[in-house]
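# Structural description and commentary
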Amino acid sequence: MLLENKRHYGARLNENLLIKNIPMILASCKEFQLIGAKGKDEVLLLKKLKDNDELDDLLPKIQSRNMKDMNMKPLLLILAHVLKDENIRNPIFKEGLAEILSTGVHHLNMMIDVAMEINTIARQGHSAKKLGWTAIQAIV
Amino acid sequence: MLQLPGNTADEIKKYRKQLKDNQIPDGKIDTFCRLSVAQRAKLNLFGGDKAKLAELEKVIKVMPLITCSNVIAVEGETTITSTDIISFNISLTYDNLPENQSPGYIHSENYPFVRHSNWYIVIVDAATKTNVIQVERLKHT
C-alpha cells in the first residue's frame, strides 16, 4: 500500500502543482479510494454536495485516463470539508470524513517525502522532473 | 484572518480599509495579532461590540506568534567558500510563551483530533525559487 501510494504521488506531483490540485491527488490515494458510498441515501447526499457551485468549480472537468474509474466520494468529502459545506455535517459522512482527516496529514507528509525523492533523483541526473518551491509550498 | 473569532469577510474588509489611517504595514494575521490591545480597540471592530472584542483578545493571547531567525556559517571561520561544510542554525521562538512552557495541542473547530503542531523548514535558492535544497519537519518533542 505504501509503495503504491508513493508511486501514485510520484506520477501526479509536478512543477506546475497548485493548491487546488492537492485535494484531487489526496482523494485518489489507495486508502481513500476504498471509502465507498454505502447506500442510495448517501449517493443522494453526495449529489447534494455536488450542487454547491463553489465545490463544483473545484471538481475536475476533463475526464483523464487516470481518473476514469475514480471513486468521487473522498474528493467530495474533502472539498465539502474545506469549503465548510453544511451538508458535510450529516452523520452519514462521519466515518469516511474521520478517516480522511486522521490519516490525511500522514499522506501529505508522504507527498513531501516523495517530492524530495523526485528532487534527489533529478540531482543524480536520472530524471528531468524537478519540484520547485511553489510545488512544495502548495503541499505544505 | 477568518480563523479569529467573530471575524467575517466584511469585517476583514473594514479592517483592511483602515490600514493606511492607522499606519499598519499590511493586512496579515501576524501583523494584526502583534498590534497592542489599545491599537486594536481603536479600530472599532465588530461595530464596537465589547464582548466580541474580549473574545478576540483571549484568542490572540494564545495565538502561536513566531519569530524566526537564522545564522548560516562555517564553524570556526568567518568566510564561506564553495568547499566548506555550511551549518544552518534556524531558531523559532514563540513570542507569547514563557520560557518554562511549551506549546500544547492545536485547536481547530474543523479538525477534531488531538495533534501537536509541526513546522516545516524549507531551504530554497531565493533567487530562482526552483532549487529546493532541503525540507525538514520540526516535530514537537
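Residues numbered from 1 in each chain as written. Chains lettered and ligands numbered in written order. Predicted model: local features only at pLDDT ≥ 70, side-chain atom pairs only at ≥ 80, totals over all residues.

## Some thoughts on the environment of A:Gly36
Residue and element names in this part refer to chain A. Under the convention used in this document: Secondary structure elements follow DSSP: runs of H or I no shorter than four residues count as helices, runs of E no shorter than two count as strands, and numbering proceeds from the N terminus. Here, residues touch in the contact sense if the C-beta positions derived from the backbone fall within 7 Å of one another.
You can see Gly36 is positioned in the loop between helix H3 (30–33) and helix H4 (40–50). Once the C-alpha coordinates of Gly36 and Lys94 are considered, the two residues, 58 residues apart in sequence, prove to be 13 Å apart. Not counting the four nearest positions on each side in its chain, Gly36 is found in contact with Asn71 and Lys73.

## A word on the interface of chain B and chain A
Note on interface size: it is often stated as the accessible area lost on association of the parts. To be explicit about the condition: In this classification, the charged set is Asp, Glu, Lys and Arg, the nonpolar set is Ala, Val, Leu, Ile, Met, Phe, Trp, Tyr, Cys and Pro, and all remaining amino acids, among them Gly, are polar.
The partner chain A presents 11 residues to the 10 residues of chain B that form the contact. Among the secondary structure elements, those contributing two or more residues to the side of chain B that touches chain A are strand S3 (119–124) and strand S4 (132–138) of chain B. At 3 residues, S3(B) tops the list of elements feeding residues into the side of chain B that touches chain A. Across the side of chain B that touches chain A, the residue classes tally to 7 nonpolar, 2 polar and 1 charged.

## Examining the confidence of the model for chain B
Residue and element names in this part refer to chain B. Using the following cut-off: Every residue is assigned a pLDDT by the predictor, reflecting its confidence on a scale from 0 to 100.
Summing up the model confidence of chain B, the mean pLDDT is 87 and the portion of residues at 70 or higher is 99%. Ranking the elements of chain B by mean pLDDT puts S4 last, at 86, and helix H2 (residues 29–34) first, at 91. For this predicted complex, the interface confidence score (ipTM) comes to 0.71, while the overall pTM stands at 0.77.

## Quick notes on helix H7 (residues 94–123) of chain A
To be explicit about the condition: Between the first and last residue of a helix there are one fewer steps than residues, each counted as 1.5 Å, and that sum is the expected span. Throughout, bend refers to the angle between the axes fitted to the seven residues that end at a position and the seven residues that start at it. Each residue is classified by how many other C-beta atoms fall within 10 Å of its C-beta atom, where C-beta atoms are placed from the backbone; a count of 20 or more means buried, 12 or fewer means exposed, and values in between mean partly exposed.
Relative to the 44 Å expected for 30 residues at 1.5 Å per residue, H7(A) spans 43 Å between its end C-alpha atoms, a close match to the ideal helical length. Approximately 40° is the largest bend angle found in H7(A), and it occurs at A:Gly104. Among the residues of H7(A), those classed as buried are A:Gly96, A:Leu97, A:Ile100, A:Gly104, A:Met111, A:Val114, A:Ala115, A:Ile118 and A:Asn119. Residues of H7(A) that are buried sit in contact with helix H1 (2–12), helix H2 (22–27), H3, helix H6 (73–82) and helix H8 (133–139) of chain A together with S4 of chain B. Following H7(A) by one or two positions, A:Gly125 adopts a phi angle in the positive range, close to 85°.

## Section: the domain arrangement of chain B
Under the convention used in this document: Just so you know, the domain bounds were taken from an automatic or database domain assignment.
Segmenting chain B into domains produces domain 1 (9–61) and domain 2 (66–138). Averaged C-alpha coordinates put domain 1 of chain B and domain 2 of chain B at centres separated by 28 Å.

## Looking at the packing of H6(A) against H7(A)
Residues and elements named next belong to chain A. This is how it is decided: Structural elements are reduced to axes, namely lines fitted to C-alpha atoms, with helices fitted over the stretch in contact, and the angle between N-to-C directions of any two is expressed from 0 to 180 degrees. Any angle that falls under 35 degrees is termed roughly parallel, while one over 145 is termed roughly antiparallel, one within 65 to 115 roughly perpendicular, and all others oblique.
Remark: H6 packs on H7, axes separated minimally by 10 Å, with the N-to-C direction vectors making an angle of 75°. Relative to H7, the element H6 lies roughly perpendicular. Here Lys73, Pro74, Leu77, Ile78 and His81 of H6 come into contact with H7, specifically with Gly96, Leu97 and Ile100. Taken together, the residues that form the contact of H6 with H7 break down as 5 nonpolar, 2 polar and 1 charged.

## Some words on the pairing of strand S1 (residues 66–73) of chain B
Residues and elements named next belong to chain B. To keep it simple, the criterion reads: A pair of strands is considered paired only if DSSP assigns at least 2 bridges between the two.
With 0 of 8 residues buried, S1 lies mostly on the surface of the structure. Pairing of S1 with strand S2 (residues 87–94) involves 8 bridges; the strand directions are antiparallel. The partner of Asn70 across the bridge, within S2, is Ile90.

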